[in-house]
Amino acid sequence: MTREKYEKKKYKAVDYRKLRPGNINSSEFSHLKLLLFWPVFGFMFLFVERIGVRSSYFPIHCALDDRIPFCEFFLIPYLFWFVFLVGIHIYTLLFDVAAFRRMMRFVAVTYLIAIIVYLVFPNCQELRPIEFARDNVFTRFMAWFYTFDTNTNVCPSIHVIGSVAVMFAAWDSERFKTPAWKTAFAVTTVLISISTVFLKQHSVVDVIAALPVCAIGYVVAYMLPNALRSKKHNVSI
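Residues numbered from 1 in each chain as written. Predicted model: local features only at pLDDT ≥ 70, side-chain atom pairs only at ≥ 80, totals over all residues. Heavy atoms only, no water.

Caption draft 1: Here's a closer look at the overall build of the chain. Helices and strands together make up the secondary structure of the chain, namely nine helices and two strands. Going through the 237 residues of the chain one by one, you find that 42% of them count as buried. In the chain, 82% of the contacts between residues at least 6 apart in sequence involve partners at least 24 apart. For the chain, the accessible surface area stands at approximately 13200 Å², while carbon and sulfur atoms represent 70% of it. (Helix = DSSP H or I, 4+ residues; strand = E, 2+ residues; numbered from the N terminus. Buried < 20%, exposed > 50% of the residue type's maximum accessible area, 1.4 Å probe, protein only. Contact = heavy atoms within 4.5 Å. Areas by Shrake-Rupley, 256 points an atom, 1.4 Å probe, with all protein chains shown as cover.)

Structure representation (structure tokens):
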């Protein structure tokens, strides 16, 4: 396949009106099977969180955590993470399947690494405030959120990994390759990442630990395929 044909195919939208049970394995729709990763991951995360509960967890903490105040207003970018993640899935599924495939490779690699870490190194954080200095809709939400969201299996932060996954997928898509869009996605990723420490959902260590995991995912999902494609192209010439 020439470079021109590859680029044309790369950004071609899929006509899902043609989707039938019998053609899910066709080249046009086979990418949809990558969505099966999410229920598989959901089960694995449920296992480490609710089923395979350990008797003890290693607390993650650093001195900088004590200097960062709780700020309930970071709940806005924290919850926007769900829109961020779902939104890029919908966009790439509809308009950029190649970017969707690469994003799912990144997600699969990084999330599986996180699960393995949780299994071999059970960890937790003990940073949540006992009481809030202010009483408002944000602190009330956080008090409710703390009741069911456990403080275990936090390092590396999946919230950070997921945010970086969205940023890389957006940067990989032709639609969002302008400097303005790239900056917008980068700033949003940073805000979501730091929101986790201001809400005392994560330690700074959890955020930093997510970065090398993301680096591994980037190499596997983006760099290696490009290198192999270039090598194959050079050989064909």
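Caption draft 2: How the structure looks around the pattern of salt bridges. One pass over the full model with this rule turns up five salt bridges. Between glutamate 72 and arginine 134 there is a salt bridge, with the nearest N and O atoms lying 2.8 Å from each other. Note that glutamate 72 is positioned in the loop between helix 3 (63–67) and helix 4 (75–95) and arginine 134 in the loop between strand 2 (123–124) and helix 6 (137–148), a separation of 62 residues in sequence. When its relative accessible area of 1% is taken as the criterion, glutamate 72 is described as buried. A salt bridge links lysine 177 to glutamate 174; the shortest N-O distance between them is 4.0 Å. The class for lysine 177 is partly exposed, based on a relative accessible area of 34%. (Salt bridge = Lys/Arg side-chain N within 4 Å of Asp/Glu carboxyl O.)

Caption draft 3: Representation of the packing of helix 4 against helix 7 (residues 158–172) in the model. For the pair helix 4 and helix 7, the least separation of the axes is 10 Å and the interaxial angle reads 40°. Between helix 4 and helix 7, the interaxial angle falls into the category oblique. In this structure, the crossing between helix 4 and helix 7 has a hand that is left-handed. Of helix 7, the residues touching helix 4 (which contributes Tyr78, Trp81, Phe84, Leu85 and Ile88) are Ile158, His159, Gly162, Ser163, Val166, Ala169 and Ala170. Counted by class, the contact of helix 4 with helix 7 contains nine nonpolar, three polar and no charged residues. (Axes fitted to C-alpha atoms, helices over the stretch in contact; angles between N-to-C directions. Parallel < 35°, antiparallel > 145°, perpendicular 65-115°, else oblique. Left-handed = near helix turned anticlockwise from the far one by under 90°. Nonpolar A, V, L, I, M, F, W, Y, C, P; charged D, E, K, R; others polar.)

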